[in-house]
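Spelled out, the chains give:
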Amino acid sequence: MSLEKRLAIQEYETLATAIILRGYYKPGGDSGASLRQLLIKSEPALYPNARDPERIDVGALRYILRRLPDGFWKIRQIAISRRISPDVQEDFPSVETLARRRPTFQTAEESLVTAFRGGFTDLLDFISAITCYQIEADKIRAKYARFRAKQSEDPDQLGVWNELERLAPDADLSREMKRSLLHAVAVEFGADYAEVKALDAALKGRLLEVIMSIISSGPKDL
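Conventions and cut-offs
Residues numbered from 1 in each chain as written. Predicted model: local features only at pLDDT ≥ 70, side-chain atom pairs only at ≥ 80, totals over all residues. Heavy atoms only, no water. Helix = DSSP H or I, 4+ residues; strand = E, 2+ residues; numbered from the N terminus. Rg over C-alpha atoms; globule rule 2.2 N^0.38 Å. Buried < 20%, exposed > 50% of the residue type's maximum accessible area, 1.4 Å probe, protein only. Contact = heavy atoms within 4.5 Å. Areas by Shrake-Rupley, 256 points an atom, 1.4 Å probe, with all protein chains shown as cover. Lys, Arg positive; Asp, Glu negative; His and termini not counted. Charge placed at Lys NZ, Arg CZ, Asp CG, Glu CD. Salt bridge = Lys/Arg side-chain N within 4 Å of Asp/Glu carboxyl O. Axes fitted to C-alpha atoms, helices over the stretch in contact; angles between N-to-C directions. Parallel < 35°, antiparallel > 145°, perpendicular 65-115°, else oblique. Nonpolar A, V, L, I, M, F, W, Y, C, P; charged D, E, K, R; others polar. Core = buried A, V, L, I, M, F, W, Y, C linked by side-chain atoms within 4.5 Å. Polar contact = N/O pair within 3.5 Å; in protein donor to acceptor, adjacent residues only side chain to side chain.

A. Structural view of the overall build of the protein. A count of helical and extended segments in the protein gives nine helices and three strands. For the protein, the sequential pattern of α-helices and β-strands runs α-α-α-β-α-β-β-α-α-α-α-α. Relative to the 2.2 N^0.38 estimate, which gives 17 Å for 222 residues, the radius of gyration of the protein is 18 Å and therefore close to what a compact globule would have. Going through the 222 residues of the protein one by one, you find that 42% of them count as buried. A separation threshold of at least 6 residues defines the contact pool for the protein, and within that pool the share at least 24 residues apart is 64%. Element-wise, carbon and sulfur atoms account for 50% of the exposed surface of the protein, whose accessible area totals about 12,300 Å². Within the protein, one finds 33 positive and 33 negative side-chain charges whose respective centroids are separated by 5 Å.

Listed below in structure tokens is the structure:
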């Protein structure tokens, strides 16, 4: 491992620790930007394409979205606690985290409360997952923004974004249409079609919903 990578890892852990001790974190703020830069420099094996601005790391997204609460892409606020009170558990619906047994409840349309029982390591894992998500979400927003800029110059410009924008939130797509859109997404993302299908399956068929939620939100919303 190069010296640059080792230093990036050390700086990342130091900054993440400071964020945990502070008790408040806005991923789209200055601290979040620093974490993203350090994560990219450290080139972790789990996120091999983090450094490539043109290629969406579909494998990384599949890994991290299983470690974040279901529907995370629609959430704007997460409160963290050592334990969840019985009243909260009784009054609000639970939210699953597929790869982690972490009590989580949805207290409002865009708000969650979650309990961390694994201490510092669990919190560091959570922050790392959010950081990676922000990196890939920023890439998706950038691709969409470039398409819209081209379309403003040439209204006849076509792309998968046209099709996604026309989709109703509860659209019932045929199997053929869904496969066609996933293939177009794979081409746009610079990813393998099989990886995109696997990501959609891991999200219980909601990848298109995730993409539209990302491009309709800003990096500083969470």
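B. Geometry of the pattern of salt bridges. The tally for this structure, following the rule as stated, stands at 16 salt bridges. Linking arginine 141 and aspartate 138 is a salt bridge whose minimum nitrogen-to-oxygen distance equals 3.0 Å. Of this pair, arginine 141 and aspartate 138 are both found in helix H5 (residues 119–153), three residues apart, which corresponds to roughly one turn of the helix. Here arginine 148 ties to glutamate 165 by a salt bridge, and the two come within 3.2 Å at their closest N and O atoms. Here arginine 148, found in helix H5, pairs with glutamate 165, found in helix H6 (residues 160–166); they are 17 residues apart in sequence, far enough to count as distant. For arginine 148, a relative accessible area of 39% puts it in the partly exposed group. According to the relative accessible area criterion, glutamate 165 is partly exposed, its value standing at 34%. One continuous salt-bridge network, built from bridges that share partners, spans Arg67, Arg100, Arg102, Asp122 and Asp125.

C. Geometry of helix H9 (residues 207–215). For H9, a buried count of seven out of nine residues is recorded, marking the element as mostly surrounded by other parts of the structure. When H9 is considered as a whole, its buried residues turn out to be Leu207, Leu208, Val210, Ile211, Ser213, Ile214 and Ile215. Buried-residue contacts for H9 involve H5, H6, helix H7 (175–189) and helix H8 (193–202).

D. View of the packing of helix H2 (residues 30–42) against H5. At a closest axis distance of 10 Å, the pairing of H2 and H5 adopts a crossing angle of 90°. Taken as axis vectors, H2 and H5 run roughly perpendicular relative to one another. Only Ile127, Thr131, Cys132, Gln134, Ile135 and Asp138 of H5 make contact with H2, whose side of the interface consists of Leu35, Arg36, Leu39 and Ile40. Residue classes in the contact of H2 with H5 are distributed as six nonpolar, two polar and two charged.

E. Here's a closer look at the nonpolar core. Tyr133, Trp161 and Phe189 are the most contacted members of the largest nonpolar core, which has 52 residues in total. The element that contributes the greatest number of residues to this core is H5, accounting for 13 residues. Ignoring anything within four residues of it in the chain, the contact list for tyrosine 133 reads Leu61, Ile64, Leu65, Leu68, Phe72, Trp73 and Ile214.

F. Quick look at the side chain of aspartate 125. Relative to the elements of secondary structure, aspartate 125 occurs in helix H5. At 3.3 Å, the side chain of aspartate 125 forms a polar contact with the side chain of arginine 67.

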